[in-house]
Amino acid sequence: MAQETISLRVERRIAAPPDQVFDAWLDPRAVGGWLFSTPDGVMERVEIEPWVGGRFMIAERRGAELAEHFGEYVEIDRPRRLVFTFGTDRDEPPSRVSLTFEPDGEGTRLVLVHELDPKWADYTDRVRQGWTMILDGLARTLAQPPD
């Protein structure tokens, strides 16, 4: 029997059209500016293979620690849906993250669903806070005028 997962959902309205919000998830330069970037962290490496079966690696220096986030793209349906596996520890099986991008006036309603193994139940608030910070950073980045 398949083990149940915990479905964590985070929503954010972003003042940019769905294609622009979607593309920001697959552009290494854009990702290095907002994704997984903590206030005191320094982005060291962003590698993205933006196709189904392609992998990503995002490494941020946080003091003496190198925080790595990695996974594989499972579904890419531009500009509607993006699904990828997600991991931070190579000794643990990855989880699954699904993003949907819905038109909302001149902006986008982004819905993120992270499927977590039940053993991580005590960390759901922390995971939700992390994704909320990431989506807030994305919204700020897309609200800035282009260079």
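Cut-offs applied
Residues numbered from 1 in each chain as written. Predicted model: local features only at pLDDT ≥ 70, side-chain atom pairs only at ≥ 80, totals over all residues. Heavy atoms only, no water. Pairing = 2+ DSSP bridges. Helix = DSSP H or I, 4+ residues; strand = E, 2+ residues; numbered from the N terminus. Axes fitted to C-alpha atoms, helices over the stretch in contact; angles between N-to-C directions. Salt bridge = Lys/Arg side-chain N within 4 Å of Asp/Glu carboxyl O. 1 Å grid on protein atoms, 1.4 Å probe; cavity = no way out; pocket = protein on both sides within 12 Å on 5 of 7 lines; lining within 4 Å. Points joined across faces, edges and corners; volume = space filled by probe spheres on them. Nonpolar A, V, L, I, M, F, W, Y, C, P; charged D, E, K, R; others polar. Expected span 1.5 Å × (residues − 1). Buried < 20%, exposed > 50% of the residue type's maximum accessible area, 1.4 Å probe, protein only. Core = buried A, V, L, I, M, F, W, Y, C linked by side-chain atoms within 4.5 Å.

Student: Residues and numbers for the sheet that holds strand 2 (residues 42-48), please.
Tutor: Pairing is antiparallel across the open sheet formed by 7 strands, whose spatial order is 1-7-6-5-4-3-2. Here the strands that pair on one side only, and so sit at the sheet edges, are strand 1 (6-14) and strand 2. Pairs of neighbouring strands in the sheet enclose a mean axial angle of 20°, with direction left out of account.

Student: Quick one: what's the story with the pattern of salt bridges, residue by residue and with numbers?
Tutor: Taken as a whole and judged by the stated rule, the model has 14 salt bridges. A salt bridge links Arg 109 to Glu 102, with the nearest nitrogen and oxygen atoms 2.3 Å apart.

Student: Describe the layout of surface pockets, listing the residues and the values that go with them.
Tutor: In this structure, the largest pocket encloses a volume near 1000 Å³. Lining the largest pocket we find 32 residues, and of these His 69, Phe 86, Thr 88, His 114 and Val 127 sit closest to its centre. The dominant element in the lining of the largest pocket, judged by the number of residues it contributes, is helix 3 (residues 124-143), at 7 residues. Class assignment for the residues of the lining of the largest pocket results in 13 nonpolar, 9 polar and 10 charged.

Student: An account of helix 3 is needed here, citing residue identities and associated values.
Tutor: Residues spaced three or four apart along an α-helix point in a common direction, a consequence of the helix completing one turn every 3.6 residues. Over its 20 residues, helix 3 extends 28 Å from the first C-alpha to the last, a length consistent with the 28 Å expected when each residue adds 1.5 Å. Listing the buried residues of helix 3 in full gives Thr 124, Trp 131, Ile 134, Leu 135, Gly 137, Leu 138, Ala 139 and Leu 142.

Student: I'd like a rundown of the nonpolar core, residues and numbers included.
Tutor: Residues Trp 25, Leu 82, Phe 84 and Trp 131 are the most contacted members of the largest nonpolar core, which totals 29 residues. Put simply, the parts of the chain that give this core at least two residues each are strand 1, helix 1 (18-24), strand 3 (55-62), strand 5 (81-86), strand 6 (95-104), strand 7 (107-116) and helix 3. With 6 residues, the single largest contributor to this core is helix 3.

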